[in-house]
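One-letter residues, chain by chain:
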Amino acid sequence: MSNKKHFKLTVNGEEQEFLAEPRELLIHTLRERLRQTGPHIGCETSHCGACTVTMNGKSVKACTVFVAQADGADITTIEGLGNPDNLHVLQESFKEHHGLQCGFCTPGMITRASKLLEENPTPTEEEVRFGMAGNICRCTGYQNIVKSILAAASEMNAAKEAAE
Amino acid sequence: MIPAAFEYYRPKDMAGVLSVLEEHGDDARVVAGGHSLIPMMKLRMAEVPHLIDLQDVAGLTGISIDAGRIRIGAMTTQHEIINHAGLTDAAPIMREASLQIADPQVRYMGTVGGNVANGDPGNDMPGLMQCLDATFILVGPDGERSVAARDFYEAAYMTDRADDEVLTAVEFAAPNAGYAYEKQKRKIGDYATAAAAVLITKEGGACASASIAMTNLSDTPVYSADAGAALVGSSLDDASMKAAVDAMLGDIDPTEDNRGPVEFKRHAASVILRRAIENAWDRA
Ligand SMILES: Cc1cc2nc3c(=O)[nH]c(=O)nc-3n(C[C@H](O)[C@H](O)[C@H](O)COP(=O)(O)OP(=O)(O)OC[C@H]3O[C@@H](n4cnc5c(N)ncnc54)[C@H](O)[C@@H]3O)c2cc1C
Ligand code: FES
Ligand code: FES
């Protein structure tokens, strides 16, 4: 049974229109249809956070959203945060502080962390750990992920102060 | 992990929701945050040929506090509950419990309506609502009615809600009481091995009233009137604490699963309830 419908999303600032079945998962739309392969599929069961994107200002697991629910939404993936020539502060910081090993969880980690720092620009270590609890990493033991996020927060705050 | 195909509806008002429910009966279901329903659909443990998205339906969001009466619209998310200063002032147990549900991503999506309507014994809000003696507001083809949270749950995934009814809000009196929501879980993002919601009021050093409800220790949440009664009049001495825990143990009926055998769950329930009572007492 095919019941394709017309959907419209804004992904990383660009409007996208296409036909899809309502049951298509947002992660598949992003990766396979729109070729935004930064968000990964780790578990596909809502547990690991590798598929995290920002949807209408919320960190969401894109494997647990139907494309139909996302119709009309504004979505940011890791591709919208930075690129190899112009890394986001968090990307620089993960690189600098060894916040990754295999890197599989990293796009989800950084996308989630960017939202966390937007809501709480001066988190404590405990707040970072609690706010990142929806993202699982099989490699690092989290220590350096937390360190990277705290360092990025300081850097972003220093830059903000300097600008004022 | 692809669910069966479905027809998707996104009505703007309740009349639109009710007409699809009426037309398709059992074959239609509403989706709120989707973080209980979508995993079930992906596993094909739930098949929903007609899926009605509530996200655009007017009148289902918002938290209001009026003369000590709190109303939370069904589509209010756990994230919104945690960040609502007025609600945290009036009923801090809502924030304390919500922070222990799932993980940040899930809390941005998961709604209070979905959590209480779902009927999964693992959900934390049903026990919390029973502790608060909340009322659920339902609307259906014959109009609106209300049901006490303490009368709502019949068995796992079986509630007093009819298939053609939608939950629009939960309401309760602001609890002017010491409070605690304590939860034992294997890791953040896990459902409870045992959880306890407790409200206690004190007068002249003695317990004047106590309300106690437990989560994931039976096929429904368990409001234990006897456990609360065991505390009233006492100053929380060992004997009354033990009487309350024993009364609770008489009311729960846990089953063995991957969170442990029955004896372990009874042990965890006792520890968690003691901890919750002590916290609520200190805050009363
Ligand atoms: C990884 C993970 C961990 C989780 N951990 C916890 C936890 O620790 N504690 C906990 O309590 N929950 C937990 N949850 C569940 C989460 O809180 C859900 O979001 C919540 O149970 C359901 O809310 P929802 O808005 O997502 O509902 P949905 O999934 O949209 O709906 C759930 C059910 O309720 C029905 N429904 C929804 N809204 C209404 C309404 N207004 N009227 C009538 N029927 C309605 C739907 O038809 C469906 O049958 C977890 C979920 C995940 C994915
Ligand atoms: S792939 Fe979505 S949470 Fe793991
Ligand atoms: S770096 Fe390998 S999973 Fe996180």
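Everything quoted here is computed from the prediction, not taken from an experiment.

Let's hear about the overall build of chain A: which residues, and what values?
From N to C terminus, chain A includes six helices and five strands. For chain A, the N- to C-terminal ordering of α and β elements is β-β-α-β-β-α-β-α-α-α-α. In terms of C-alpha radius of gyration, chain A reaches 16 Å, essentially the compact-globule figure of 15 Å for 164 residues. Split into buried and exposed, the 164 residues of chain A put 50% on the buried side. If you sum the accessible surface of chain A, you get close to 7,700 Å²; carbon and sulfur atoms cover 47% of it. Measuring between centres, the 16 positive side-chain charges of chain A sit 8 Å from its 21 negative side-chain charges.

Account for the packing of helix H3 (residues 89–96) of chain A against helix H4 (residues 106–119) of chain A, naming residues and giving values.
All names here are of chain A. Orientation of H3 relative to H4, taken along the N-to-C sense of each, is 125°, at an axis distance of 10 Å. As summarised for this structure, H3 and H4 are arranged oblique, according to the angle between their axes. The handedness of the crossing between H3 and H4 comes out as right-handed. Residue-level inspection shows Leu-90, Gln-91 and Phe-94 of H3 in contact with H4, the latter providing Thr-106, Met-109, Ile-110, Ala-113, Ser-114 and Leu-117. Looking at the contact of H3 with H4 residue by residue, the classes come out as six nonpolar, three polar and no charged.

Would you mind going over a negative patch on the surface in detail, with residue names and values included?
Residues Glu22(B), Glu23(B), Asp26(B), Asp27(B), Glu47(B), Asp142(B), Asp163(B) and Asp164(B) make up a contiguous surface patch of negative charge. Given a relative accessible area of 48%, Asp163(B) falls into the partly exposed group.

Could you give an account of the site of ligand 1, naming the residues involved and the relevant values?
Inspection of the region around ligand 1 gives 33 residues, with Val30(B), Ala32(B), Leu37(B), Thr111(B) and Asp124(B) positioned closest. Ligand 1 sits at a junction of chains, with neighbouring residues supplied by chains A and B. At a separation of 2.8 Å, an oxygen atom of ligand 1 approaches a polar side-chain atom of Ser36(B). A total of 970 Å² of accessible area belongs to ligand 1 in isolation, and the protein chains cover 98% of it. Residue assignment for the shell around ligand 1 shows that the elements contributing at least two residues are strand E2 (28–31), helix H7 (112–117) and strand E10 (166–173) of chain B. Class assignment of the residues belonging to the shell around ligand 1 gives a composition of 13 nonpolar, 15 polar and five charged.

Run through the sheet that holds E2(B), naming residues and quoting values.
Residue and element names in this part refer to chain B. Here we have three strands laid out as an open sheet, ordered E1-E3-E2, and parallel in their pairing. With partners counted over all chains shown, the strands left at the sheet margins are strand E1 (7–9) and E2, one partner each. Within this sheet the neighbouring strands show an average axis-to-axis angle of 25°, counted without direction. As judged from the four bridges shared by E2 and strand E3 (residues 50–53), these two strands associate in the parallel manner. Each bridged residue has a counterpart across the sheet, and for Arg-29 the counterpart in E3 is Leu-51.

Could you give me a rundown of the environment of Ala206(B), with the residues and numbers involved?
Mapped onto the elements, Ala206(B) comes out in strand E13 (residues 206–215). When neighbours within four sequence positions are excluded, Ala206(B) is seen to be in contact with Thr201(B), Gly233(B), Ser234(B) and Trp281(B).

Tell me what's going on with the layout of surface pockets, and back it up with residues and numbers.
In this structure, the second largest pocket occupies an estimated 480 Å³ of space. Taken together, 16 residues form the lining of the second largest pocket, with Leu116(A), Phe130(A), Gly131(A), Ile82(B) and Leu99(B) sitting closest to its centre. For the lining of the second largest pocket, the elements supplying multiple residues, two or more each, are H4 and helix H5 (125–131) of chain A together with helix H3 (78–82) and helix H6 (104–109) of chain B. Per-element accounting of the lining of the second largest pocket gives the leading share, four residues, to H5(A).

How each quantity is defined
Residues numbered from 1 in each chain as written. Chains lettered and ligands numbered in written order. Predicted model: local features only at pLDDT ≥ 70, side-chain atom pairs only at ≥ 80, totals over all residues. Heavy atoms only, no water. Helix = DSSP H or I, 4+ residues; strand = E, 2+ residues; numbered from the N terminus. Rg over C-alpha atoms; globule rule 2.2 N^0.38 Å. Buried < 20%, exposed > 50% of the residue type's maximum accessible area, 1.4 Å probe, protein only. Areas by Shrake-Rupley, 256 points an atom, 1.4 Å probe, with all protein chains shown as cover. Lys, Arg positive; Asp, Glu negative; His and termini not counted. Charge placed at Lys NZ, Arg CZ, Asp CG, Glu CD. Axes fitted to C-alpha atoms, helices over the stretch in contact; angles between N-to-C directions. Parallel < 35°, antiparallel > 145°, perpendicular 65-115°, else oblique. Left-handed = near helix turned anticlockwise from the far one by under 90°. Contact = heavy atoms within 4.5 Å. Nonpolar A, V, L, I, M, F, W, Y, C, P; charged D, E, K, R; others polar. Patch = residues over 30% accessible without salt bridge, like charges linked within 9 Å, V, L, I, M, F, W, Y side chains within 5 Å. Salt bridge = Lys/Arg side-chain N within 4 Å of Asp/Glu carboxyl O. Near = heavy atom within 4 Å. Polar contact = N/O pair within 3.5 Å; in protein donor to acceptor, adjacent residues only side chain to side chain. Pairing = 2+ DSSP bridges. 1 Å grid on protein atoms, 1.4 Å probe; cavity = no way out; pocket = protein on both sides within 12 Å on 5 of 7 lines; lining within 4 Å. Points joined across faces, edges and corners; volume = space filled by probe spheres on them.

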